[in-house]
Amino acid sequence: SGTLIFTNWTTTLTASNVDIQGTVTLPSSYVDGAMSNRVHFVCTNFTLAASGQIYAKGKGYRGGTQASPAAHGPGKGVISGVHYGGGGGHGGRGGPGNTGAGGAAYDTTNAPLLPGSGGSGQPSPETADGAAGGGAVRIAASDSVAIDGTITADGIDTTWTSGGGSGGSIYITCKTFAGSGSGMLTARGGEGSKVGSYAGGGGGGRIAVVYNPAAQSLASKPGVRFDVSRRMGGYTTNDTDTVALIGTLYLPDESLFTT
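Remember, predicted model here, so these are calculated numbers, not experimental data.

Reading the values: rules and limits
In every chain, residue numbers begin from 1 and rise along the written sequence. In keeping with the model being predicted, local features are shown solely for residues with a pLDDT of at least 70 and side-chain atom pairs are shown and tallied solely at 80 or more, while totals for entire chains, interfaces and linings include all residues. To obtain the side-chain values, all non-hydrogen atoms of the structure were used and water was disregarded. Remark: exposure states derive from per-residue accessible area (1.4 Å probe, protein chains only) relative to the maximum for the residue type, with buried under 20%, exposed over 50%, and partly exposed in between. Nonpolar core, defined: a set of buried Ala, Val, Leu, Ile, Met, Phe, Trp, Tyr and Cys residues in which side-chain atoms within 4.5 Å join the residues together. Numbered from the N terminus, helices here are DSSP runs of H or I no shorter than four residues, and strands are runs of E no shorter than two. Note on contacts: a residue pair is in contact if any heavy atoms of the two residues lie within 4.5 Å. Definition of a polar contact: a pair of N or O atoms within 3.5 Å, with one able to donate and the other able to accept a hydrogen when the atoms are protein atoms, and with sequence-neighbouring residues admitted only if both atoms are side-chain atoms. If DSSP finds at least two bridges between two strands, the strands pair.

J.: Would you mind going over unusual backbone geometry with me for this structure?
T.: Glycine aside, residues mostly have negative phi, and peptide bonds are mostly found in the trans state. Phi angles above zero are rare outside glycine, and N8 is one such case at about 80°. Phi angles above zero are rare outside glycine, and D107 is one such case at about 80°. Using a relative accessible area of 22% as the deciding quantity, one classes D107 as partly exposed.

This is the structure:
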């Protein structure tokens, strides 16, 4: 029921069986060129209990600040003036602000490994820090993965004149995938400011669950939910050319879908 914090990108917890009933998380967000972090398990069987969580919300690339409005990450949001920059991109493009572009999409759909990118900051006169992107979670199990708890790799929302962070990544490989309706994997973008401003929202992140289709066809259908949604900003609410875009969900076949 305690808390385990992963630090450094290359850190890996290796075990035969992993059973999480508490919280696994990461340190705070980081800038380009600095040491980064991710959650990484290598095991035979992995279980995340209903009481357990892997919390990587806002644990990816940092947003821009008041003093240094440029954000961080491959899909960082951009600000080209002094007002209302763009949101971070990852699985989907970030939403643009009034004077700044949204960050580009990056990473791979079927094996996403990278964290989410930050939204642009806001310099004077209406100062505000941009939001951080979601972190990276990697689970490599040779047999089963069961998710009854939550894995959260969302970008952070902003509150005033700055861009939202993009969703991070959740990449699971296993023989069979299981879990109940209480299980949920999310890599949502963070909301851009709507309070008196026109800043961009964060694009959705990337989730991939790669199981063995033949083995999965013999298993019970899991009830786990997935969410890689974008978030809106204040610049627009309807124009699909200017809002952030949803992220990606990859599964090797259609057997997990309900009809």
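Read on for the rest.
J.: Teacher, can you tell me more about the nonpolar core here?
T.: For soluble globular proteins, the rule of thumb is that nonpolar side chains tend to be buried together. Grouped together as the largest cluster of nonpolar side chains are 32 residues, with contacts concentrated most on F41, F46, I54, I151, I172 and F177. With 5 residues, strand β4 (residues 39-48) is the single largest residue contributor to this core. Beyond its immediate stretch of four places on either side in the chain, I172 contacts R138, I139, V145, I151, F177, L185, A208, V209 and V210.

J.: It is not clear to me how the side chain of T248 should be interpreted in this structure. Could you clarify?
T.: Relative to the helices and strands, T248 is located in strand β14 (residues 248-250). Classification of T248 by relative accessible area gives buried; the value is 17%. Polar side-chain contacts of T248 include one of 3.1 Å to the side chain of R206. In this view, T248 contacts G91, T109, G205, R206, I207 and V228; residues no more than four positions away in its chain are not counted.

J.: Explanation requested: the pairing of strand β12 (residues 206-210) in the structure shown.
T.: Regular strands place side chains that alternate from one sheet face to the opposite one. Most of β12 sits inside the fold, with 4 of its 5 residues counted as buried. Bridge count for strand β9 (residues 169-173) against β12 is 5 bridges, and the pairing is parallel. Directly across from I170, in β12, lies its bridge partner I207. In terms of strand pairing, β12 meets β14 through 3 bridges, oriented parallel. Each residue of the ladder has a partner; that of I207, found in β14, is L249.

J.: Explain the pairing of β9 here, please?
T.: Within β9, 5 of the 5 residues are buried, which leaves the element mostly enclosed by the surrounding structure. Neither face of β9 is open: one carries S169, Y171 and T173, the other I170 and I172, and all of them are buried. Note that strand β6 (residues 136-141) and β9 share 5 bridges and pair parallel. Across the sheet, residue R138 finds its bridge partner in β9, namely Y171.

Functional significance is not addressed by these values, which are geometric in nature.
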